[in-house]
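Observations on the three-dimensional arrangement
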Amino acid sequence: MKPVKLWVQFPSEYPVVFPRVFVSKVDYPKFEFGPHVESDGKICLFSNQAQPIMTEPVRVLKEALNRAHTILEEALEEIPTSAYEEEFESYWSQTYGKKDQVEYKYLIIAEKPLGKFTQVLLLDKNPISLKKVIYQDEALIKPFKEMLQRQNIKYNQYPVFVFGELPFFRKPPFHLTNIQLKKNLENFDSALYKNFINFYNQNPDSRFFIFQKVINETTRYFGWRHQPLRKVTGFQAKTVNEKFEFLLKVKPTQHIIRIYPQVYSISRLMDRSVGLPMTEAPSYTIAGLGSIGSHLIHFLDGPGILLHLIDTDYLSLENTGRHLLGFQYINWKKTEALKDYLTLRHPLRSIKVKTESVLEVLEKDSNFIQRTNALFVCIGEYNKEQTIAKALQYKIFSRPTFLLWVEPYGIAGHCIFLHPENPDYQRYHNNGNFIHSLIEDLSHEALAKQEAGCQSIYTPYAPNSVQFFLGALVPHITKILKNPDAYKTHVFSWIGNLEIAKELEITLKAETANYYFGEKRIIE
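Residues numbered from 1 in each chain as written. Predicted model: local features only at pLDDT ≥ 70, side-chain atom pairs only at ≥ 80, totals over all residues. Heavy atoms only, no water.

This part covers the sheet that holds strand E8 (residues 161–162). Spatially, the 5 strands line up as an open sheet ordered E3-E11-E10-E9-E8, and their pairing is mixed. Single-partner strands in this sheet number two, and they are strand E3 (102–103) and E8. In this structure, strand E10 (residues 218–225) lies alongside strand E11 (residues 257–259), joined through 3 bridges in antiparallel fashion. For Gly223, the partnering residue across the bridge sits in E11 and is Ile259. (Pairing = 2+ DSSP bridges. Helix = DSSP H or I, 4+ residues; strand = E, 2+ residues; numbered from the N terminus.)

Here's what the structure looks like:
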């Protein structure tokens, strides 16, 4: 190989990160479209997971240059098509000239391969920088459309033409012209080309074409569209038409606009987060959506999680100090506010809500709870908890049930797990008081605060106390939900800030003398 000029860029973080190596502009044409050589001349040397040895910067630089040398030598040889497969996305997204265009603001929502009845939504606004949403399954897209409606985003819906794999899109460059695309399609499958022509001519508002590409055993989607004809020099306006044949006549060398969509699916999000294949999605009912219930959602939530929410209340300004939601949801029903928040995070799942009390739900529609895997009650009221425990005892519903609350100032947090077969709630109470609470004097004036009016009494505790409590509790809940029958009814207690009790002269029970912050206790 003749001498080649390279440029080495040392980022400001070097040697914490790798140096970057570029082929000079003069030499780049020799290696254009070679594997691992990007359109700006940068040579892809290391995977994004690799890290340099910081204490040996010279050795790292030598390794980078040796790799660059090997890659450039291989680029001068006859390159098999398979060498481009792994880097296909990189080559597809490159622009190969000033008139070449790649559009990214596309989303494909699909769990199964796209086919004949694929549609595209053209949005009138751009949520999260999206313009077009491609899908096939109406049931899958339904929650997404509901989210668009709540956000007052209108759309028009049109068909999309879907190909299988196209062999001429295997090796770069990919900036085909209209006439090149015609020849490639005709040579590949003349009948398929006729179908393409018919679709193009019959759908002037929706000339979107998608094809499949299997990369690392995963089906990905790419595509293109054609630039619309407006004024055509040398032709009167009345003679300009929207047919593909006319496009070939007047714009044969015009480049197609390539489409580089993102695929949005629960299974892909699971793979990219949990790293495991998607199994049946867990489902939970949460009754009481105040500070504890709303933050519990944060700990339980994830792609594919199904939630049923129960609460009668509105989110008020004073709630926002320790609620999961903030100022933008003031005066919303808590159920609707959390539904909006959660579907904006993961628009493909359906959140079901009830704006009645949990006791009314048990009386009128207990299946709302029964259809989920577990019930979480974050109300902290003895009478209601006792009634729920009786409903469990009388088989009105039969789901593992967790009752959660915190003591004032976050001195402790507690959870009673009620097994459906032995929901003995009463044995943890005496005259309506929880016998394992840490506070001895429950009448202390500092335990409750009040603004104006008899309905403004509240229990003080900081939001981080709730988060510490739930962070300790949720791993225990997870173990129970994996195998509920392995656990009996019991109490989980978390020890919080005991020092504040001393500062406020709140009397604690004698046994707390040896307790420490963050301690977890299981009481049978």
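Next comes the rest of the description.
What follows is about the packing of aromatic side chains. Applying the stated criterion across every chain, the model contains 41 aromatic pairs. Relative to Phe174, the ring of Phe169 has its centre 6.1 Å away and its plane inclined at 65 degrees; by these criteria the two rings are edge-to-face. Under the relative-accessibility criterion, Phe169 is labelled buried at 0%. The ring of Trp92 carries the charged tip of Arg258 above its face, separated from the ring centre by 5.5 Å. Lying across the ring of Phe368, Lys354 places its NZ or CZ 5.3 Å from the centre. (Phe/Tyr/Trp six-rings, centres within 6.5 Å; stacked < 30°, edge-to-face > 60°. Buried < 20%, exposed > 50% of the residue type's maximum accessible area, 1.4 Å probe, protein only. Lys NZ or Arg CZ within 6 Å of the ring centre and 35° of its normal.)

The next subject is a nonpolar patch on the surface. A cluster of nonpolar residues, Val8, Phe10 and Leu65, forms a patch on the protein surface that exposes about 220 Å² of accessible area. Tracing the chain through its elements places Leu65 in helix H2 (residues 57–76). Accessibility expressed as a relative area gives 33% for Leu65, which makes it partly exposed. (Patch = residues over 30% accessible without salt bridge, like charges linked within 9 Å, V, L, I, M, F, W, Y side chains within 5 Å. Areas by Shrake-Rupley, 256 points an atom, 1.4 Å probe, with all protein chains shown as cover. Salt bridge = Lys/Arg side-chain N within 4 Å of Asp/Glu carboxyl O.)

Here we come to the pattern of salt bridges. Counted according to the given criterion, the structure contains 20 salt bridges. Of the charged contacts, one joins Lys384 and Glu381 as a salt bridge, the two residues approaching to 3.7 Å between their closest N and O atoms. Among the residues examined, Lys384 registers a relative accessible area of 27% and is labelled partly exposed. Overall, Glu381 belongs to the partly exposed group, its relative accessible area being 38%. For Arg427, the salt bridge is made with Asp424, and the minimal N-O distance between the two is 3.6 Å. You can call Arg427 partly exposed: its relative accessible area is 38%. Ionic contacts of the salt-bridge type, sharing partners, join the residues Asp301, Arg345 and Arg349 into one network.

Attention shifts here to the sheet that holds strand E16 (residues 374–377). In space, the 8 strands of this open sheet follow the order E15-E14-E13-E16-E17-E18-E23-E24, with mixed pairing throughout. Each of the sheet's edge strands pairs with one partner strand only, and the pair in question is strand E15 (351–354) and strand E24 (520–523). On average, each strand axis in the sheet is inclined to that of its neighbour by 15 degrees, with strand direction left out of account. In this sheet, E16 lies alongside strand E13 (residues 283–287) in parallel orientation, the contact comprising 4 bridges. Residue Ile286 lies in a different strand from E16, and its bridge partner there is Phe376. In the packing of helix H10 (residues 334–345) onto the sheet, the strands contacted are strand E14 (306–310) and E15, and the crossing angle to E15 comes to about 175 degrees. (Axes fitted to C-alpha atoms, helices over the stretch in contact; angles between N-to-C directions. Contact = heavy atoms within 4.5 Å.)

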